[in-house]
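Reading the structure
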Amino acid sequence: DVKVTQSSRYLVKRTGEKVFLECVQDMDHENMFWYRQDPGLGLRLIYFSYDVKMKEKGDIPEGYSVSREKKERFSLILESASTNQTSMYLCASSYQVYRGAANEQFFGPGTRLTVL
Amino acid sequence: DQQVKQNSPSLSVQEGRISILNCDYTNSMFDYFLWYKKYPAEGPTFLISISSIKDKNEDGRFTVFLNKSAKHLSLHIVPSQPGDSAVYFCAASAREYGNKLVFGAGTILRVKS
């Protein structure tokens, strides 16, 4: 059974703190993604990675950074948390399209982050 | 600029009836479309997909229809069940954009028993 896990389900942090969100997948997927979900805005892509140590900006990368040191792990870092980063954060993974597999992404359960 | 639009924020349907969720897109490069279902406090789960070379794909109670000329797709759920109550996201991808998906804002479906 495919699995994407995220380190925390709920997190409360203070403004200015550095926040680490961890994601691990056990499907040997090349691609990993970080989204945030906000009401009325759907899922917006923050960063993604198509290989170890590779990363690309998504649609809303400002205020975030990522790290992918191992294939199975993709970390999202909030350098200095702000209240407008209060959101649901979702990690996903998928195979590369060239494998001929469907472009389906598998999601983790999400981390509800509140910044006070 | 939203490339994938779900114009109905919510939909309420009686159990046993048909649910129709709609999605419009603006980018003609999109060639693959997916529907995801999301329960509160859980991650989205893949439901059904369709390639642009088809106009219909069916999986049990779920059918997706694609109208390329209108840049419109719809998800039909027949018959609707209370357990179908969730947020449904439409997503699109294009070979030129690699492995990224572009998501709509989602539609909340409530199936009343």
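Up top is the structure these notes are about.
Attention here is on the structure that accompanies the text. Predicted model only: the values in this text are computed from it and were never measured. (Residues numbered from 1 in each chain as written. Chains lettered and ligands numbered in written order. Predicted model: local features only at pLDDT ≥ 70, side-chain atom pairs only at ≥ 80, totals over all residues. Heavy atoms only, no water.)

Bringing the overall build of chain A into the picture now. If you tally the helices and strands in chain A, you get zero helices and eleven strands. From first element to last, N terminus to C terminus, chain A shows the α and β order β-β-β-β-β-β-β-β-β-β-β. Taking 2.2 N^0.38 as the reference for a compact globule, 116 residues should give roughly 13 Å; the C-alpha atoms of chain A span a radius of gyration of 14 Å, in line with that estimate. Counting only C-alpha atoms, chain A reaches 45 × 30 × 25 Å along its principal axes. Split into buried and exposed, the 116 residues of chain A put 50% on the buried side. (Helix = DSSP H or I, 4+ residues; strand = E, 2+ residues; numbered from the N terminus. Rg over C-alpha atoms; globule rule 2.2 N^0.38 Å. Buried < 20%, exposed > 50% of the residue type's maximum accessible area, 1.4 Å probe, protein only.)

Our focus in this paragraph is the packing of aromatic side chains. Overall, the coordinates contain 13 aromatic pairs over all chains when judged by the stated rule. Look at Tyr36 of chain B and Phe103 of chain B: their rings are 5.8 Å apart centre to centre, the planes differ by 55°, and that puts the pair in the tilted class. On the criterion of sequence distance, the pair formed by Tyr36 of chain B in strand E4 (residues 32-38) and Phe103 of chain B in strand E10 (residues 102-103) is long-range, its members being 67 residues apart. Overall, Tyr36 of chain B belongs to the buried group, its relative accessible area being 0%. Grouped by ring-pair contacts, the aromatic residues Phe33, Tyr35, Phe48 and Phe107 of chain A together with Tyr36, Phe46, Phe89 and Phe103 of chain B constitute a single cluster. (Phe/Tyr/Trp six-rings, centres within 6.5 Å; stacked < 30°, edge-to-face > 60°.)

Function cannot be inferred from these measures alone, as they are strictly geometric.
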